[in-house]
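Coordinates in review
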Amino acid sequence: MINGGEHRETNLAPAHSHCHVGKSARDVKEKAKVARVRQKHTGAVRPLGKIQSPGFAKSPKQPRIDKSALPPLPLSPLMRLARS
């Protein structure tokens, strides 16, 4: 009756507990889905997915520099004073 059944004596029947639990679970699942669809159509709920932007353009790869081939950097005047 949760999903619109008639309230008549002919619609009523005794149910075993295991049958009742299974049917109730299916009814609640169906009712929840109907509610989600209704909320989505009325705009009450935002969609769960995110809209992803294309991002920034990839920069070209820069060549790696072999630092072992570079001469050592000269010391600053403060560093020369600290070493003396």
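For the structure, see preceding data.
Parameters at a glance
- Residues numbered from 1 in each chain as written.
- Predicted model: local features only at pLDDT ≥ 70, side-chain atom pairs only at ≥ 80, totals over all residues.
- Heavy atoms only, no water.
- Helix = DSSP H or I, 4+ residues; strand = E, 2+ residues; numbered from the N terminus.
- Rg over C-alpha atoms; globule rule 2.2 N^0.38 Å.
- Areas by Shrake-Rupley, 256 points an atom, 1.4 Å probe, with all protein chains shown as cover.
- Lys, Arg positive; Asp, Glu negative; His and termini not counted.
- Charge placed at Lys NZ, Arg CZ, Asp CG, Glu CD.
- Salt bridge = Lys/Arg side-chain N within 4 Å of Asp/Glu carboxyl O.
- Buried < 20%, exposed > 50% of the residue type's maximum accessible area, 1.4 Å probe, protein only.
- Expected span 1.5 Å × (residues − 1).

1. Some points on the overall build of the protein
Across its full length, the protein holds two helices and zero strands. Taken over the C-alpha trace, the protein has a radius of gyration of 36 Å; the compact-globule value for 84 residues is 12 Å, which it surpasses by more than 25%. Each of the three principal axes of the protein carries a C-alpha extent, and together these read 105 × 30 × 25 Å. As displayed, the protein has an accessible area near 9,200 Å², and 60% of this comes from carbon and sulfur atoms. Taken together, the 17 basic and 5 acidic charged side chains of the protein have centroids lying 22 Å from each other.

2. Considerations on the pattern of salt bridges
Within this structure, the stated rule accounts for one salt bridge. Measuring nitrogen to oxygen at the nearest pair gives 2.8 Å for the salt bridge that ties Lys23 to Asp27. Taken as a pair, Lys23 and Asp27 lie in helix 1 (residues 17-42) at a separation of four residues, close to a single helical turn. Accessibility expressed as a relative area gives 13% for Asp27, which makes it buried.

3. What to know about helix 1
Each α-helix turn comprises 3.6 residues. Residues three or four places apart therefore point the same way. Along its 26 residues, helix 1 runs 37 Å from first to last C-alpha, staying within 8% of the 38 Å computed at 1.5 Å per residue. Taking burial as the measure, the 26 residues of helix 1 include one buried ones, a minor fraction of the element. Following helix 1 by one or two positions, Gly43 adopts a phi angle in the positive range, close to 85°.

Such coordinate-based values are descriptive only and should not be taken to indicate function.
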